[in-house]
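Observations on the model geometry
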Amino acid sequence: MDAAQRLPGERCRHRAARHAQRHTRGEWSGAQPQLQFLLRTPAQLLRPIGVDPPLRLPRCRARGAGRPRIWPPGARFPEQERGRAVDRHLQPCPHGAAPDLHDGRHRRGVHEHAVGAYLQDQIKFSEEWHLLASARVDRFDQHQLSRLNGQVLQRTDDTFSPRLGLVYRPLPQLSFYGTASRSYQPTGSSFFFSQNLADLRPERTDLIEVGAKTDWFDGRLQGSLALYRVDKANVATNDPARPNVRLAVGEQRHQGVEVDLVAKPLDGWDVRAAYTYIDAEITKSNNFPVGARPANVPRHAAQVWTNYEIGAGFGIGGGLTYVGARYATADDTVRLPGYVRTDARLYYKHPRFEANLSVNNLFNARYFEAASTNSQISPGAPRSIVLSLRVPL
């Protein structure tokens, strides 16, 4: 394992919710290109090719009438349960009847472009000391035309993301490292891009991490320990003078410990385990008190996964994912309980292709995955079966 691999790499991790959120920078990793076919359940069928399935809109009840109406585009589910919207506090539709979404005149024209350039250099001072430095520049351009009212929203951001890492390897089986990096997350998306978001600067994430990695018994036992600190800036927060306006002036801090272990007790059998402790707090905000815990950030998260090769190219795998309790919002009043999810898979490897049958949420556990507000809570996906076929090109 070389020095570049011993650094955290281009993870650019958002440690606030590592189990569910991660900023992917999109550098070319050097992996062999693949052609992938997926067969999923009907609700997931369109996702593999980058197209969202038809929007299932929650309903609200018009004032003084028994006929339900759907929320207009841009509204979010008031409350969800097992994949369907359940509004337990029915409210009048603020904009009256929604337009026909199948009418092409009512669709939005959204264009997103991202262009980046990346430069990296690795310097080997000796067998023990290695330095890795990189820099990346990006341009994010978002443009949206609403055919409902002709409104045009546009924003362009140019960002510079540096990264510096140092590795000290006193023994072939042991190395210590330190790294510092900066990354950006543009506001808005093709699903939700409003005037408020168009006025916000990209959210900035600064990462500082130190740790150690070890490799024993010819790779049969590997482990890593990391201490990290992530400072987030330009977090969206309300303008005290204008309630409907958002400002990119909020700040958060996330720090903690990560432990990873990989063991290969027998040939064809590997076991992987990971644990993360996250101490997170708001350090600046117009919405919530300083010291409050950010939304959707568990204090503890862990995962265990194992694979076993049966023979003749066949193998099985399975594991558990644990996510601790979190708060729905940073006012720390509504608490989402922790949960454990079980996943399993059966796979077949051939020199020309690889087939994989995955069962996510094997026991159909009921849990809450995340929340937008104290009343807009998203349930975890029910049991799903995914059949995929990867063909190297």
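Each remark here, short or long, concerns the structure printed above.
Below or above, wherever it landed, is the structure these notes cover. (Residues numbered from 1 in each chain as written. Predicted model: local features only at pLDDT ≥ 70, side-chain atom pairs only at ≥ 80, totals over all residues. Heavy atoms only, no water.)

**Looking at the overall build of the protein chain**
Scanning the protein chain from terminus to terminus reveals two helices and 22 strands. Burial analysis of the protein chain (393 residues in total) assigns 32% to the buried set. Pairs at least 24 residues apart make up 57% of the contacts formed inside the protein chain by residues separated by at least 6 positions. Accessible surface computed for the protein chain: about 22700 Å², of which carbon and sulfur atoms make up 56%. (Helix = DSSP H or I, 4+ residues; strand = E, 2+ residues; numbered from the N terminus. Buried < 20%, exposed > 50% of the residue type's maximum accessible area, 1.4 Å probe, protein only. Contact = heavy atoms within 4.5 Å. Areas by Shrake-Rupley, 256 points an atom, 1.4 Å probe, with all protein chains shown as cover.)

**Some words on the environment of Ile282**
You can see Ile282 is positioned in strand β13 (residues 269-284). Contact partners of Ile282, with chain neighbours within four places excluded, come to Glu251, Gln252, Phe288, Pro289, Val290, Gly291, Ala292, Pro294 and Ala330.

**Things to note about the packing of aromatic side chains**
By the definition in use, this model includes four aromatic pairs. A ring pair is formed by Tyr339 and Tyr367, whose centres lie 4.1 Å apart and whose planes are at 20°; its orientation type is stacked. Taken together, the residues span a long stretch of sequence, with Tyr339 in strand β18 (residues 339-350) and Tyr367 in the loop between β19 (353-360) and β20 (368-371) at a distance of 28 residues. The pair formed by Tyr339 and Tyr367 is uniform in burial state, with each residue classed as buried. With a centroid separation of 6.0 Å and an interplanar angle of 45°, the aromatic rings of Tyr348 and Phe353 are classed as tilted. Look at Tyr348 and you get partly exposed, because its relative accessible area is 24%. Among the aromatic residues, those joined into a cluster by ring pairs are Phe314, Tyr348 and Phe353. The ring of Tyr177 has Lys213 lying over it, and the distance from NZ or CZ to the ring centre is 5.6 Å. (Phe/Tyr/Trp six-rings, centres within 6.5 Å; stacked < 30°, edge-to-face > 60°. Lys NZ or Arg CZ within 6 Å of the ring centre and 35° of its normal.)

**Things to note about the pairing of strand β8 (residues 152-171)**
Of the strand pairs in this sheet, strand β7 (residues 129-146) and β8 are connected by 17 bridges, and their pairing is antiparallel. Paired with Ser134 across the bridge in β8 is Arg163. Hairpin connection between β7 and β8: a loop of five residues separates the two successive antiparallel strands, and Gly150 in this loop has a positive phi of roughly 80°. The sheet contact formed by β8 and strand β9 (residues 174-185) spans seven bridges and is antiparallel. Each residue of the ladder has a partner; that of Val167, found in β9, is Tyr177. (Pairing = 2+ DSSP bridges.)

**Some details on unusual backbone geometry**
Look at Asp332: it is not a glycine, yet its phi comes out positive at around 55°. Mapped onto the elements, Asp332 comes out in the loop between β16 (326-327) and β17 (335-336). According to the relative accessible area criterion, Asp332 is partly exposed, its value standing at 26%. A positive phi angle is found at Asn364, which is not glycine, with a value near 55°.

**What about the nonpolar core?**
Ranked by size, the top nonpolar core spans six residues in total: Leu207, Tyr228, Val230, Ile278, Ala280 and Val297. Secondary-structure elements contributing two or more residues to this core are β11 (221-239) and β13. (Core = buried A, V, L, I, M, F, W, Y, C linked by side-chain atoms within 4.5 Å.)

**Quick notes on the side chain of Asp239**
Tracing the backbone shows Asp239 in strand β11. On the basis of relative accessible area, Asp239 is assigned to the buried category, the value being 10%. Here the side chain of Asp239 touches Ala241 through a polar contact of 3.1 Å, landing on its backbone nitrogen. In terms of polar contacts, Asp239 uses its side chain to reach the side chain of Arg242, at 2.8 Å. If we ignore the near neighbours within four places in the chain, the residues touching Asp239 are Val245 and Leu247. (Polar contact = N/O pair within 3.5 Å; in protein donor to acceptor, adjacent residues only side chain to side chain.)

**Examining the pattern of salt bridges**
Inspection of every chain in the model, using the stated rule, returns 13 salt bridges. As a salt-bridge pair, Arg272 and Asp270 come within 3.6 Å of each other at their nearest N and O atoms. In this structure Arg272 comes out as partly exposed when scored by relative accessible area, which is 41%. Between Arg341 and Asp343 there is a salt bridge, with the nearest N and O atoms lying 3.0 Å from each other. Because the salt bridges share partners, they merge into one network encompassing Arg182, Arg204 and Asp206. (Salt bridge = Lys/Arg side-chain N within 4 Å of Asp/Glu carboxyl O.)

**Details of the environment of Pro186**
Tracing the chain through its elements places Pro186 in the loop between β9 and α2 (195-198). With sequence-adjacent residues up to four places away left out, Pro186 is seen in contact with Phe140, Gln142 and Pro202.

**Quick word on a nonpolar patch on the surface**
A cluster of nonpolar side chains, contributed by Leu266, Trp269, Tyr308, Ile310, Phe314, Ile316, Leu346, Leu357, Ile385 and Leu387, occupies part of the molecular surface with about 880 Å² of accessible area. As for its placement among the helices and strands, Ile385 is situated in strand β22 (residues 384-392). According to the relative accessible area criterion, Ile385 is partly exposed, its value standing at 44%. (Patch = residues over 30% accessible without salt bridge, like charges linked within 9 Å, V, L, I, M, F, W, Y side chains within 5 Å.)

**Brief notes about the pairing of β20**
Looking along a regular strand, one sees side chains alternate from face to face of the sheet. Alignment of β20 against strand β21 (residues 377-379), held across three bridges, turns out to be antiparallel. Note on β21: the bridge partner recorded for Ala370 is Ser378.

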